[in-house]
Structure formats: structure tokens, C-alpha cells
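Given next are the chains, with one letter for each unit.
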Amino acid sequence: MSEAARQGAARTGGIGDQAEGYLLWQATIAVAEERAQAFVEPMEWLTTSQKADVEQRYVADSLHHARRDLERIAARCRSLRGEYETRYRELRQRCVACTVAVGACLASVTAAALSLIR
């Protein structure tokens, strides 16, 4: 893929990626809020404001850990992409070299065969 095509795909895919990331983060927030409510529900001795404070802290802590996990996963994905691109480039170079070598051998065999015929 050419650099211009890659940049074009990144621009168009960027909007989709942003929407997907937004939806993923909103789902993460919803799960954190549900878990926080379930966490404080059995704590009947807390006042309403104390429950709200514990819920907020629980959600903030959950989101902090989720963000850290997502950043670590994204960094690993970028690293793997670089490794795969390097490996693919090496394999492509080998295929081209093998194709050129086979073509050269066929050309020399054909030339030898033609010289024997004459």
C-alpha cells in the first residue's frame, strides 16, 4: 500500500475509530457505574451522600485502571503492528528476490537451450 493510500485510509478510518473508541469508553463508564452501585448497595450504614461519594471514588478508580489498561493495550498493538510490518517487508523482499532468481535461471536455461538448437 502506498503512503498516500495509507494516509487516506487512516483519515477515513479515523472517524470510525474515534466513534468506536467513544462508544467503548461510554460502555466502560456504564459498567463502572453499575459496579459502583452494586458495591455500595449492601453498605446500609452509609448515608446517601457517603454512598454517592464512595460510588464516585469507585467509578473514578475503575476508569483510571481502564484507561491505563487501554493505553497499555494500544501501545502493544502499535508495537505489534511495527513488528508485523517489518516482517512483511522482509518476506516481500525475499519473494521478489526468489522470483528474480527463478526468472534469471529460466532465462539462462532458455538461452542455453536456444544456443544448442542453433
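Residues numbered from 1 in each chain as written. Predicted model: local features only at pLDDT ≥ 70, side-chain atom pairs only at ≥ 80, totals over all residues. Heavy atoms only, no water.

## Brief notes about the overall build of the protein chain
Quick reminder of the rule: Note on conventions: DSSP H or I runs of at least 4 residues are helices, E runs of at least 2 residues are strands, and numbering of each starts at the N terminus. Each residue is placed in one exposure class: buried if its accessible area under a 1.4 Å probe, protein chains only, is under 20% of its type's maximum, exposed if it is over 50%, and partly exposed if it falls in between. Per-residue and other accessible areas follow the Shrake-Rupley method at a 1.4 Å probe size, with only the shown protein chains counted as cover for residues.
Helices and strands together make up the secondary structure of the protein chain, namely 2 helices and 0 strands. Residues counted as buried form 9% of the 118 residues belonging to the protein chain. Summing over all exposed atoms, the protein chain offers an accessible surface of approximately 9,700 Å²; the carbon and sulfur share of this is 61%.

## Observations concerning the nonpolar core
Which entries qualify depends on this criterion: For our purposes a nonpolar core is just a set of buried Ala, Val, Leu, Ile, Met, Phe, Trp, Tyr and Cys residues, chained together by side-chain atoms within 4.5 Å. The criterion used for residue contact is that any of the two residues' heavy atoms lie within 4.5 Å.
Counting 7 residues, the largest nonpolar core consists of Trp25, Ile29, Ala32, Ala36, Val59, Leu63 and Ala66. Looking at this core, the elements with two or more residues in it are α1 (3–40) and α2 (48–117). Tallying contributions element by element places α1 first for this core, with 4 residues. Not counting chain neighbours up to four residues away, the residues in contact with Trp25 comprise Leu63, Ala66, Arg67 and Leu70.

## Structural notes on the environment of Ala36
Mapped onto the fold, Ala36 is located in helix α1. According to the relative accessible area criterion, Ala36 is buried, its value standing at 0%. Through-space distance from the C-alpha of Ala36 to that of Arg57 is 8.6 Å; in sequence the pair is 21 residues apart. Residue contacts for Ala36: discarding those within four places in its chain leaves Glu55, Tyr58 and Val59.

## Quick look at the pattern of salt bridges
Two side chains that carry opposite charge are able to pair once their charged atoms sit near each other. So the rule is basically this: By definition, a salt bridge exists where a carboxyl oxygen of Asp or Glu is found within 4 Å of a side-chain nitrogen of Lys or Arg.
In the structure shown here, the tally under the stated rule is 5 salt bridges. Arg57 is the salt-bridge partner of Asp53, the closest N and O atoms lying 3.2 Å from each other. With Asp53 and Arg57 both in helix α2, this residue pair falls 4 residues apart, about one helical turn. Two residues, Arg87 and Glu90, come together in a salt bridge whose shortest N-O distance is 3.9 Å. Here the residue Arg87 and the residue Glu90 both occupy positions in helix α2, the gap between them amounting to 3 residues, near one helical turn.

## Quick notes on the packing of aromatic side chains
We count it as follows: We call Phe, Tyr and Trp rings a pair once their centres come within 6.5 Å, taking the six-membered ring for Trp, and we label the pair stacked below 30 degrees between planes, edge-to-face above 60, and tilted otherwise. Both a distance and an angle decide whether a charge sits over a ring: NZ of Lys or CZ of Arg must be within 6 Å of the ring centre and within 35 degrees of the ring normal.
Counted according to the given criterion, the structure contains 1 aromatic pair. Over the aromatic face of Trp25 sits the side chain of Arg67, whose NZ or CZ is 4.9 Å from the ring centroid.

## Topic: α2
This is how it is decided: Working rule for helices: expected span equals 1.5 Å times residues minus one.
Along its 70 residues, α2 runs 100 Å from first to last C-alpha, staying within 8% of the 104 Å computed at 1.5 Å per residue. Burial in α2 covers these residues: Val59, Ser62, Leu63 and Ala66.

## Details of a nonpolar patch on the surface
To keep it simple, the criterion reads: Nonpolar side chains (Val, Leu, Ile, Met, Phe, Trp, Tyr) within 5 Å and like charges within 9 Å form the patches, drawn only from residues with over 30% relative accessible area and no salt bridge.
Together, Leu24, Leu70 and Ile73 line one region of the surface with nonpolar side chains, adding up to about 250 Å² of accessible area. Looking at where Leu24 falls in the secondary structure, it is placed in helix α1. By relative accessible area, which is 45% here, Leu24 ends up partly exposed.

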